[in-house]
Amino acid sequence: MLTKFDLFYLFLLFCINGAIVSGCIWPEVDALFILDSTPQVTSFQHRAEVDFLRQVMSTMKMSSSKVAMAQFTPWSRVEWSLANASYPESRVQEAPYCPCEQDNCPSTSINSLTRSTMNSANRKSVPDVILVISNSYQPLVEVLPNEPLISPTSPLHVFYIVIGSNMHVSRFEPSAHTVGIKVTDFEHLPHLVGPLCQSVNGYIKGTSTTRFGPLCWIIIGAILFFAIILVSLLAYAIYTYNEESELTFSDFQKELYLNLDRRLRHRIAESERLLRKQNEYFTSQLHTEMQKQIANGEKHAEEMKKQQDMMQNQFDRQLDMAYQQGSKVQILPPFLQPPHHHENHSENTGKESNLKILNSMSFQFSGRGKNDRRDSGIASPRSPRDAGVQVTPIPTPIDDKKDGSEEDNESSGTSESVFGSSGSDVTDSTEEDLEELNRKTHLPRDHPARKLPPIDLMFLVDTSSSIGINNFDIQKNFICEILKDVDIAPGRSRISMVQYAQDPSVVFGFDQYYSYESVRRGVMRLSYTGGATMLSKALAFAGGIMYHEQNLKKTTKRHQFLPTPKHDRLQVLCLVSDGYSDDSADKESVNLHDRLHVKIFAVVTRSFNKDKLVPITRFDGSVFTVHQRESVAIWLWRQQRIWAEHYSAFIEKEKKRSVRR
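None of these values were measured; they are calculated from a predicted model. (Residues numbered from 1 in each chain as written. Predicted model: local features only at pLDDT ≥ 70, side-chain atom pairs only at ≥ 80, totals over all residues. Heavy atoms only, no water.)

Topic: the packing of aromatic side chains
Then comes step 1: According to the stated counting rule, one finds eight aromatic pairs in the structure shown.
Then comes step 2: Ring centres 5.4 Å apart and planes at 55° place the aromatic pair phenylalanine 472 and tyrosine 528 in the tilted group. Taken together, the residues span a long stretch of sequence, with phenylalanine 472 in helix α12 (residues 469–483) and tyrosine 528 in the loop between α13 (516–524) and α14 (535–552) at a distance of 56 residues.
Then comes step 3: Owing to a relative accessible area of 2%, phenylalanine 472 belongs among the buried residues under this scheme.
Then comes step 4: Taking the relative accessible area as the measure of exposure, tyrosine 528 reaches 29% and is therefore partly exposed.
Then comes step 5: The interplanar angle of 70° and the centroid separation of 6.5 Å between the aromatic rings of phenylalanine 624 and tryptophan 635 together place this pair among those described as edge-to-face. You can see phenylalanine 624 sitting in strand β14 (residues 623–625) and its partner tryptophan 635 sitting in helix α17 (residues 629–660), a full eleven residues away along the chain. Here phenylalanine 624 matches tryptophan 635 in class, with each residue buried.
Then comes step 6: A network of ring pairs unites the aromatic residues Phe601, Phe624 and Trp635 as a single cluster. (Phe/Tyr/Trp six-rings, centres within 6.5 Å; stacked < 30°, edge-to-face > 60°. Helix = DSSP H or I, 4+ residues; strand = E, 2+ residues; numbered from the N terminus. Buried < 20%, exposed > 50% of the residue type's maximum accessible area, 1.4 Å probe, protein only.)

Listed below in structure tokens is the structure:
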């Protein structure tokens, strides 16, 4: 909002400008006025140019000055020259609007129009002035290509008025001065009458013709009056300040001590409040962790109890089966290890204990050995050979009279008869194992991922500053959406996650979680770090983990449904990033693709660097946004199917090699 002083200042400027304009008169000159009559100028705008020239002529001494006039359409059109410059005030009103209607109209220049109008009747003792009015879309050029320059008779001054948003004026070589003036619209041309007159006087005479009259004295007096008032107000303010600041030094110290005391009390109160809040928070966290540990212990105890009941039922069935055959055998009960309670229970504690229980049991018959089972990771029903019962034959007098070959035949026949007559028990065991697997997976029976080979899927998540906290949360939620279409269960697909910024680190490994819910909780616990983006270092780190899983992983302790042989499953790397990196990742991507045979796809947000992501994934179709869950699932299923078709022979060969060993 304008104050009274601002309004008064604007009024003074207006008065001064009016006083200066009203007293400006052109010197004696030979002038050439060039108007813009191109198709880019309308007839109304052309009339505004004519009115502007008429106002300019009103400030000239027409008795001693000569005026010539021309137009460019863009071709040259000379209205009159200096030789017949009589009555220019009336003739300028008759200047027609005549744009060129042809498709390819020839162009003219200032140099050509000056040669046509000012060669004759040009006085040597009088300076020359050229005033050009042109639009910014089709301006009038100074000189045409290969056109000879004119030789001015007297000093030449060019004033170029450009109407529009752009202005590019170059110096006209024969002139002493070339001045460019920019106007945004034709309606503002009348405001240039005064400044143009001052510029002409300044360049020709070197002095200003402003008249210093009574109005200027009045304005100066008003300015001095207001200056005196302002000085008086300033003096009064200083005096009031000195009166109010007459406090003694002791009073000032007392007030300062009181302020310091209030600030210290406030800070102490804030510190106590923060300490209480932190104490309550950590107490609640400790209470929550204790409840989680108690719940995990109870869950572990229930799982162990169920496992023991299941093993006892299997033992009872096998015992009944053996007695139904009438074989004189001694059946040893399975050895069940007691549950071990640890301070920190992980989600796979129950599974590892079950693995120890099942591995401690074996089925031994005379004449037959136990072979390690290796498959592609797809869960299959267990045969009676894998049941948790140990059977030891007891020799009889009849058996002692038989030779060794008959003993072998009879023992093998007995074992075959035992397993041949217990078909119902085998069926029950198979159905129970399938039900156990169905309970552990989150996918329905008819889901496409249940029919495909398992994979090792690693998420390499960018948590640097280039991602941002909002995009980071979106990416975590989309990772959970991707996992809904992956068959995560014991013996099936495994998930791992690595985060990187300045340095990479493992969030959780392949052997840590075996269910969708546990993996989802591990993903949501991922925290945002910020910092630089070192993608090359992160890819090298991920490649090391993949290589370790393929070649260096010890397989002595195997999960009951997950033997994890070497090179037995497809490895997939999901790069969750925007593609921006502070280093080059070309070498590491080649190592992952060509040496480790890892399939790579990328998940990005709206803004990402495609030039850096495509060389890593090697295909444009392997880069997905956070809204393409179905496309990611189809891509994964296709890679699993292709891997199964091309690597099945390799896997069978590796199985045979391991059996020979």
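Concerning the UniProt feature "transmembrane region" (unreviewed entry) in the protein
Then comes step 1: Within the UniProt annotation, "transmembrane region" (unreviewed entry) is assigned to residues 6–26 and 215–239.
Then comes step 2: Taken end to end, residues 215–239 comprises 100% helix and 0% strand; its first and last C-alpha atoms sit 37 Å apart. (UniProt positions renumbered as here; feature names shortened; annotations may be inferred.)

Some points on the state of the cysteines
Covalent bonding between the sulfur atoms of two cysteines is what defines a disulfide.
Then comes step 1: Applying the stated criterion across every chain yields a total of two disulfides.
Then comes step 2: There is a disulfide in this structure between cysteine 24 and cysteine 197, and the S-S distance comes to 1.9 Å. Every disulfide takes its handedness from the sign of the S-S torsion; for cysteine 24 and cysteine 197 that torsion is -100°, giving left-handed. Here cysteine 24 is found in the loop between α1 (4–22) and β1 (30–36), whereas its partner cysteine 197 is found in helix α5 (residues 193–204), with 173 residues between them in sequence. In this structure, cysteine 24 and cysteine 197 share a single accessibility class: buried. (Disulfide = S-S within 2.5 Å.)

Some remarks on α13
Then comes step 1: Within the span of α13, buried status applies to Tyr516, Ser518, Val519, Gly522 and Val523. All buried residues of α13 project into a common sector of 165° when viewed along the axis, lining one side.
Then comes step 2: Buried-residue contacts for α13 involve α12, β10 (494–500) and β11 (504–508). (Arc of directions from axis to C-beta. Contact = heavy atoms within 4.5 Å.)

With respect to the pairing of strand β3 (residues 76–80)
Working note: regular strand, side chains alternate between the two faces of the sheet.
Then comes step 1: Sheet analysis places strand β2 (residues 66–72) next to β3, joined by four bridges and oriented antiparallel. Among the inter-strand pairings, methionine 69 is bridged to a residue of β3, identified as tryptophan 80.
Then comes step 2: Between β2 and β3, which follow one another and run antiparallel, lie three residues. (Pairing = 2+ DSSP bridges.)

Digging into the sheet that holds strand β9 (residues 455–462)
Across a sheet, paired strands are connected by hydrogen bonds in the backbone, their directions being either parallel or antiparallel.
Then comes step 1: With mixed pairing, six strands are arranged side by side in an open sheet as β11-β10-β9-β12-β13-β14. Of all the strands in the sheet, just β11 and β14 have a single pairing partner and so form its edges. Strand-to-strand, the axes of this sheet are offset by a mean angle of 25°, without reference to chain direction.
Then comes step 2: Bridge count for β10 against β11 is four bridges, and the pairing is antiparallel. Each bridged residue has a counterpart across the sheet, and for methionine 497 the counterpart in β11 is phenylalanine 508.
Then comes step 3: The strands touched by α13 within the sheet are β10 and β11, with β11 carrying the most contacts at an inclination of about 145°.
Then comes step 4: This element, helix α16 (residues 610–617), spans β12 (570–576), β13 (599–604) and β14 of the sheet and lies at about 155° to β13. (Axes fitted to C-alpha atoms, helices over the stretch in contact; angles between N-to-C directions.)

As for the sheet that holds strand β4 (residues 128–135)
Then comes step 1: Spatially, β3-β2-β1-β4-β5-β6 is the arrangement adopted by the six strands of the open sheet, whose pairing is mixed. On the outer flanks of this sheet lie β3 and β6 (177–183), each paired with one strand and no other. Pairwise comparison of adjacent strand axes, ignoring direction, gives a mean angle of 20° for this sheet.
Then comes step 2: With seven bridges joining them, strand β5 (residues 156–163) and β6 adopt parallel strand pairing. By the bridge assignment, isoleucine 163 is partnered in β6 with valine 183.
Then comes step 3: Running at roughly 165° to β1, helix α2 (residues 43–58) makes contact with β1, β2, β4 and β5 of the sheet.

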